[in-house]
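Listed below are the residues making up each chain.
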Amino acid sequence: MKATWEKIEKNVGVLEVEVDAEQVNSALDKAFKKVVKEVNVPGFRKGKVPRFIFEARFGVESLYRDAINIILPDAYMEAVKQTGIEPVDRPDIDFDEFAKDKPFVFKAKVTVKPEVTLGEYKGIEIPEKSSEVTEEEIAQELERMRNLHAELIVLEEGTAEKGDIAVISYEGFVDGQPFEGNKAERHSLELGSGTFVPGFEDQVIGMAKGEQKDVTITFPENYHAEHLAGKEAVFKVQLLDIKRKKLPDLDDEFAKDVSEFETLEEYKQDIEKTIRERKIKENERAVESAVIEKAAAASEVDIPPVMIETETERMLQEFENRLRLQGMNLELYYRYSGQDEEKLREQLKADAEKRVRNRLVLEAIADAENVTVSEEDVEEELKSLSDIYKQPPEELRKLMEKNGGLEDLKYDLRIRKTVKLLVENSKPVPEVA
């Protein structure tokens, strides 16, 4: 088999493939064995018609379609391998003639992975963030834990204050008409939490138990439900109960109740350690994101639209999977958000392009720096995954080899090593206050 590649524009070219006559005849033999099982010819059992009788009755041309379908996939993949191109979309295949005892020539118009012109990717300046923990951050965490373990006391008198849990029933109207999701019974709302539309909670503050009140708000212009965006609504609200938090004292007893430590001081030290470790990890991720973004911004690449479309589709699937974990689906999301698939795809498109660009640039850097993944790298990663999935590394390897996941693992490791290279060659600079 012969294959040639000619680029005709940007990231598009023509792959011309010539399959020899021997392969054509072999494909015709396979096609006959497939077709003859379904053919009825008087005097012969199904599947037992001799080849010469079949061709005399139906013509060898009746096998051509199946033979072409047998040849094309393998011939195309072999041609891709021979020429070293990297297709990013399905080929558009065309041919003039297919005949027994003759070579089969076809052309495939193919969109390939674009070339990247790398900019400067070493010595990238990255603001150096501090991982120091302030007393204020420790105090905020302590206050969060106090609120989490607060006792709720139902007030028999008095008015609702910021921080209280207001148990309310409400019904909303726009232009005098109810709308979807406009009502609830005995809903618990923490006043000041910002859970409801701006202005709603502020008007509940000051209400007394049993009081009824009309609360007027205006939905934000960017409200997720477009049919309500910018509209004024009136909610008929009844305050059924007021629950006030009684915060525990900040002492050693509190530390014993909420942690494994005996004293408040030990607990505070542990909080400081936890916050510092979290900051270190966040800073590491921030540095990685920054070097990738800056390396991508410094590079030039003309991304084929199909790559962005494919990535958008992948992101849409990821989003749908996350919704399912929350007990939702896309249909419900569209209904409650006021969006449709076209608008959601448009939102995802910018991030999809960014993902593709970053990936292409990282691949180009990996090639330029000859970044490789050793068998030791793979073994080490399999051991780490073994701890997570509670399976022996050798079992994980077998599973990945079976479903193609091992190559994906090697790809991920190569990209991670490339990001590490960028980080190691970056230049930390003081963060501007």
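About the criteria used
Residues numbered from 1 in each chain as written. Predicted model: local features only at pLDDT ≥ 70, side-chain atom pairs only at ≥ 80, totals over all residues. Heavy atoms only, no water. Pairing = 2+ DSSP bridges. Helix = DSSP H or I, 4+ residues; strand = E, 2+ residues; numbered from the N terminus. Axes fitted to C-alpha atoms, helices over the stretch in contact; angles between N-to-C directions. Salt bridge = Lys/Arg side-chain N within 4 Å of Asp/Glu carboxyl O. Expected span 1.5 Å × (residues − 1). Buried < 20%, exposed > 50% of the residue type's maximum accessible area, 1.4 Å probe, protein only. Contact = heavy atoms within 4.5 Å. Core = buried A, V, L, I, M, F, W, Y, C linked by side-chain atoms within 4.5 Å.

Enquirer: So what about the sheet that holds strand 1 (residues 2-9)? Which residues, and what values?
Expert: The four strands are arranged 1-2-4-3 in an open sheet whose pairing can be described as antiparallel. Where the open sheet ends on each side, the last strands, each with one partner, are strand 1 and strand 3 (92-95). With strand direction ignored, the average angle separating the axes of adjacent strands in the sheet is 20°.

Enquirer: Quick rundown of the pattern of salt bridges? Include the residues and the values.
Expert: Following the criterion strictly, the structure yields 40 salt bridges and no others. The salt bridge partner of E311 is R314, with a shortest N-O separation of 2.3 Å. With E311 and R314 both in helix 8 (residues 305-325) and three residues apart, the pair spans about one turn of that helix. R324 is paired through a salt bridge with E320; the nearest N and O atoms lie 3.2 Å apart. Placement of the pair is R324 and E320 together in helix 8, with a separation of four residues, close to one helical turn.

Enquirer: Break down helix 8 for me, with residues and values.
Expert: Between its first and last C-alpha atoms helix 8 spans 31 Å; for 21 residues at 1.5 Å apiece the expected length is 30 Å, and the two agree. Within helix 8, burial applies to V306, M307, I308, E311, T312, M315, L316, F319, E320 and L323. Where the residues of helix 8 are buried, they touch strand 4 (104-111), helix 9 (330-337) and helix 10 (341-368). Two residues or fewer after helix 8 comes G327, characterised by a positive phi angle close to 80°.

Enquirer: So what about the nonpolar core? Which residues, and what values?
Expert: Counting 34 residues, the largest nonpolar core has L15, V19, I71, F98 and F104 as its most contacted members. Here the element with the most residues in this core is helix 3 (residues 64-83); it accounts for nine residues. When neighbours within four sequence positions are excluded, L15 is seen to be in contact with T4, W5, Y76, A79, V80, T83, I85, F106, K107, A108 and V110. Counting residues in hydrophobic clusters, the runner-up holds 25 residues, among them F179, A184, A233 and V237.

Enquirer: Please give an account of the environment of F196 that cites residues and values.
Expert: Its place among the elements puts F196 in the loop between strand 9 (177-190) and helix 5 (200-204). Among the residues examined, F196 registers a relative accessible area of 18% and is labelled buried. In contact with F196, other than residues within four places in its own chain, are I168, Y170, H187, L189 and E201.

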